[in-house]
Amino acid sequence: MLDAALQPVPRKSRSILPGFGLTMGYSLAYMSLLVLLPLAALALTAAKLSLPEFWDVLTHPRTLAAYRLSIGGALIAALLNTIFGVIIAWVLTRYTFPGRRIVDALVDIPFALPTAVAGIALTAVYAPTGWLGKPLASLGIQAAYNSTGIIIAMMLVSLPFVVRTLQPVLEEFDPELEEAADTLGAGRISIFFRVVLPALTPAILTGFALAFAKSIGEYGSIIFISSNMPGKTEIAPLLIMKRLEAFNYPAAAAIAVGLLAVSFILLLIINLLQAWTRRSASL
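K.L.:
So what about the overall build of the protein chain? Which residues, and what values?
P.N.:
When helices and strands are counted, the protein chain shows 14 helices and zero strands. For the protein chain, the N- to C-terminal ordering of α and β elements is α-α-α-α-α-α-α-α-α-α-α-α-α-α. The globule rule puts the C-alpha radius of gyration for 283 residues at 19 Å, and the 25 Å found for the protein chain is more than 25% above it. In terms of its C-alpha atoms, the protein chain occupies a principal-axis envelope of roughly 90 × 65 × 30 Å. Relative to its 283 residues, the protein chain shows a buried fraction of 34%. Long-range pairs, those at least 24 residues apart, make up 74% of the contacts in the protein chain with a sequence separation of at least 6. Surface summary for the protein chain: the accessible area is close to 17600 Å², and the carbon and sulfur share equals 71%. Across the protein chain, the mean location of the 19 positive side-chain charges is 6 Å away from that of the 15 negative side-chain charges.

In structure tokens, the structure reads:
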């Protein structure tokens, strides 16, 4: 017992960077004020409805049509932006050409552009009398005041999220891996799909998720280029606004909770795919 008593007391391990408790407290407080409390208030407002009333709001034909348009349009916009975002990021990272910095700066414009200004600009361009809308209308293609215009608006506001997510990964990608595959006789297409693409997949999924999240919640730019017809071109955020204007706060909260739940499920699936691709790449 004397030997046990004389043993040195183990010293408490210290972090290399001190201040974890204080910074963690600030982080949780900040996230609670900006995220958790508003979401809790949203859930409490929706809870004012009974379960049958909540279900009736979610399954109303007008609500379902708005969900289909918002979610379907966001998925299409995110998919198209992922494809072309990879190409744009590849060109900006791998090639040097006149005006490269201008093109790189243009990618960031939707970040700073007010959504109302973006909607007015898109309407001026794609309306039946616009610069692009008029020649498209002569071909029988209407690019405004329908679901096509909604997808175009979603693509505009969400493109930078894909490009800026992929650019750092491409810049840090080791070109020696491509050179090794080339010396082993692999073609350009084979190198891209078997060497480059697996390394980019987590970033591509992240960009897709960010583009989808931005698109599904977009409001300002869409209301200008869509005709906002209930059941046809009415997005879910606009329906929520109309319920708020009618002072039907529980119904607006119920629609928001349903949209939030669908978005959370889709983002959870994307995050699981990201984790799976990272594990597969590390094997």
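K.L.:
Quick rundown of unusual backbone geometry? Include the residues and the values.
P.N.:
Of all residues except glycine, most have a negative phi; of all peptide bonds, most are trans. Residues other than glycine seldom take positive phi values, yet Y145 does so here, at roughly 65 degrees. By secondary structure assignment, the location of Y145 is in the loop between α8 (133–138) and α9 (147–172). Classification of Y145 by relative accessible area gives partly exposed; the value is 34%. With phi around 55 degrees, N228 is a residue other than glycine that occupies positive phi space. Structurally, N228 can be placed in the loop between α12 (222–225) and α13 (236–245). Among the residues examined, N228 registers a relative accessible area of 21% and is labelled partly exposed.

K.L.:
Tell me about α9, and please be specific about residues and values.
P.N.:
Over its 26 residues, α9 extends 38 Å from the first C-alpha to the last, a length consistent with the 38 Å expected when each residue adds 1.5 Å. At S158, α9 shows its strongest bend, of approximately 40 degrees, with the proline P160 following within four residues. With a side-chain oxygen positioned 3.2 Å from the backbone nitrogen of T148, the residue opening α9 is N146.

K.L.:
Outline the confidence of the model for the protein chain, supporting the account with residue identities and numerical values.
P.N.:
Detail in the predicted coordinates should be disregarded across regions flagged by low pLDDT. When pLDDT is averaged across the protein chain, the result is 87; 93% of the residues are at 70 or more. Of all secondary-structure elements in the protein chain, the lowest mean pLDDT belongs to helix α1 (residues 2–6), at 50, while helix α4 (residues 61–94) reaches the highest, 94.

K.L.:
Which residues make up the packing of aromatic side chains, and what values do they have?
P.N.:
Both the distance between ring centres and the angle between the ring planes are used here to describe each pair of aromatic rings. Going through the model one piece at a time under the given rule, you end up with four aromatic pairs. Geometrically, the ring pair formed by F111 and F161 is edge-to-face, given 5.2 Å between the ring centres and 80 degrees between the ring planes. Taken as a pair, F111 in helix α6 (residues 109–112) and F161 in helix α9 lie far apart in primary sequence, 50 residues in all. With relative accessibility at 42%, the residue F111 sits in the partly exposed group.

K.L.:
Before we move on, could you go through a negative patch on the surface and cite the residues and values that matter?
P.N.:
There is a patch of like negative charges on the surface, built from D174, E176, E179 and D182. Residue placement: E176 occurs in helix α10 (residues 175–183). A relative accessible area of 53% means that E176 is categorised as exposed.

K.L.:
Which residues make up a nonpolar patch on the surface, and what are the values?
P.N.:
Taken together, the side chains of Y30, M31, L33, L34, V35, L36, L37, L39 and L260 make up a nonpolar region of the molecular surface, amounting to roughly 890 Å² of accessible area. Looking at which element gives the most residues to the nonpolar patch, the answer is helix α2 (residues 20–46), with eight residues. The topology assignment puts M31 in helix α2.

K.L.:
Account for the nonpolar core, with residues named and values stated.
P.N.:
Counting 57 residues, the largest nonpolar core has Y67 and L166 as its most contacted members. Those elements giving two or more residues to this core turn out to be α3 (51–58), α4, α9, α11 (188–216), α12, α13 and α14 (249–282). Not counting chain neighbours up to four residues away, the residues in contact with Y67 comprise L58, G72, A236, A254, I255, G258 and L259.

K.L.:
Which residues make up the pattern of salt bridges, and what values do they have?
P.N.:
Oppositely charged side chains may form a pair once their charged atoms are brought near each other. The final tally for this structure, using the stated rule, is five salt bridges. Between D104 and R164 there is a salt bridge whose closest N-O contact spans 2.8 Å. Of this pair, D104 sits in helix α5 (residues 100–107) while R164 sits in helix α9, placing them 60 residues apart in sequence. One salt-bridge network, in which partners are shared between bridges, spans R62, E234 and K242.

K.L.:
Outline the side chain of T63, supporting the account with residue identities and numerical values.
P.N.:
You can see T63 is positioned in helix α4. Judged by relative accessible area, T63 falls into the buried class, the value being 2%. Among the polar contacts made by the side chain of T63, one reaches the main-chain carbonyl oxygen of V57 at a distance of 2.9 Å. With sequence-adjacent residues up to four places away left out, T63 is seen in contact with V57, L58, L239 and I255.

Basis of the calculations
Residues numbered from 1 in each chain as written. Predicted model: local features only at pLDDT ≥ 70, side-chain atom pairs only at ≥ 80, totals over all residues. Heavy atoms only, no water. Helix = DSSP H or I, 4+ residues; strand = E, 2+ residues; numbered from the N terminus. Rg over C-alpha atoms; globule rule 2.2 N^0.38 Å. Buried < 20%, exposed > 50% of the residue type's maximum accessible area, 1.4 Å probe, protein only. Contact = heavy atoms within 4.5 Å. Areas by Shrake-Rupley, 256 points an atom, 1.4 Å probe, with all protein chains shown as cover. Lys, Arg positive; Asp, Glu negative; His and termini not counted. Charge placed at Lys NZ, Arg CZ, Asp CG, Glu CD. Expected span 1.5 Å × (residues − 1). Bend = angle between axes of the 7 residues up to and from the residue. Polar contact = N/O pair within 3.5 Å; in protein donor to acceptor, adjacent residues only side chain to side chain. pLDDT = per-residue confidence, 0-100. Phe/Tyr/Trp six-rings, centres within 6.5 Å; stacked < 30°, edge-to-face > 60°. Patch = residues over 30% accessible without salt bridge, like charges linked within 9 Å, V, L, I, M, F, W, Y side chains within 5 Å. Salt bridge = Lys/Arg side-chain N within 4 Å of Asp/Glu carboxyl O. Core = buried A, V, L, I, M, F, W, Y, C linked by side-chain atoms within 4.5 Å.

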